[in-house]
Amino acid sequence: YNGMVTLYLCLVFTSQGQYRPADLLCPETYVWVSIERCIPLLDSSRYARLHQDPDAGDARAVKDIGRALVLHKRTVMPYAIYSRKRKGPSDEAEVQHYAGLVGQDCVERILLYRS
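Bear in mind the structure is a predicted one, so any value in this text is a computation, not a measurement. (Residues numbered from 1 in each chain as written. Predicted model: local features only at pLDDT ≥ 70, side-chain atom pairs only at ≥ 80, totals over all residues. Heavy atoms only, no water.)

A. Main features of the pairing of strand S3 (residues 69-72). Burial of the side chains of S3 is restricted to one face: Val70 and His72 are buried, whereas none of Leu69 and Leu71 on the reverse face is. The sheet contact formed by S3 and strand S4 (residues 75-78) spans four bridges and is antiparallel. Residue Leu71 lies in a different strand from S4, and its bridge partner there is Val76. Between S3 and the antiparallel strand that follows it, S4, lie two residues; Lys73 among them carries a positive phi value of about 50 degrees. (Buried < 20%, exposed > 50% of the residue type's maximum accessible area, 1.4 Å probe, protein only. Helix = DSSP H or I, 4+ residues; strand = E, 2+ residues; numbered from the N terminus. Pairing = 2+ DSSP bridges.)

Set out below in structure tokens:
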């Protein structure tokens, strides 16, 4: 179950929706959407993309993996520098997967340990 849908089905959510402003976070674009626009969508389907702009993507999507912070040999450096210094097979696919999970903001603030 999506947490948003679970909340929607619960009576507490119904009472929380009476407070204004009340917004829900779109599970696909991570954009806040007014509850008035969300209720009809969730009434018709258990899962709904709440943000209606079809061109909108994930606001947290990774734009530049080279800016990911890496801790390697007690030194903090961007992934772009680490990948040039690294010897051995590339770990870019693994770092790309990590970055996709945490998003661009976090990838620039959290240190990824590399041995």
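B. Expanded view of the environment of Leu112. Of note, Leu112 is situated in strand S5 (residues 112-114). Each C-alpha atom, one on Leu112 and one on Val70, is 4.7 Å from the other, the two residues being 42 residues apart in sequence. Look past the residues within four positions of Leu112 in its chain and what remains in contact with it is Leu69, Val70, Leu71, Val95 and Tyr98. (Contact = heavy atoms within 4.5 Å.)

C. Examining the side chain of His51 more closely. Summarising the element assignment, His51 is placed in the loop between helix H3 (35-44) and S3. Relative accessible area serves as the criterion here: at 17%, His51 is assigned to the buried category. Residue contacts for His51: discarding those within four places in its chain leaves Cys26, Thr29, Val31, Val33 and Ala56.

D. Examining helix H5 (residues 92-107) more closely. With 16 residues, H5 extends only 14 Å from end C-alpha to end C-alpha; this falls clearly short of the ideal 22 Å at 1.5 Å per step. The axis of H5 is deflected most strongly, by about 80 degrees, at Leu101. Taken as a whole, H5 has its buried residues at Val95, Tyr98, Ala99, Gly103, Gln104 and Val107. Packed against the buried residues of H5 are S3, helix H4 (79-85) and S5. (Expected span 1.5 Å × (residues − 1). Bend = angle between axes of the 7 residues up to and from the residue.)

E. The arrangement of the packing of aromatic side chains in detail. On inspection of all chains with the given rule, the structure shows one aromatic pair. Aromatic side chains Tyr79 and Tyr82 sit 5.8 Å apart centroid to centroid with 45 degrees between the ring planes, which places their arrangement in the tilted category. With Tyr79 and Tyr82 both in helix H4, this residue pair falls three residues apart, about one helical turn. (Phe/Tyr/Trp six-rings, centres within 6.5 Å; stacked < 30°, edge-to-face > 60°.)

F. Local environment of the nonpolar core. Counting residues in hydrophobic clusters, the biggest one holds 11 residues: Ile65, Ala68, Val70, Met77, Tyr79, Tyr82, Val95, Tyr98, Ala99, Val107 and Leu112. Among the secondary structure elements, those contributing two or more residues to this core are H4 and H5. The dominant element in this core, judged by the number of residues it contributes, is H5, at four residues. Other than its neighbours up to four places away in sequence, Tyr98 contacts Val107, Ile110 and Leu112. If you look at the next biggest cluster of nonpolar residues, it comprises seven residues, including Leu24, Val33, Cys38 and Leu50. (Core = buried A, V, L, I, M, F, W, Y, C linked by side-chain atoms within 4.5 Å.)

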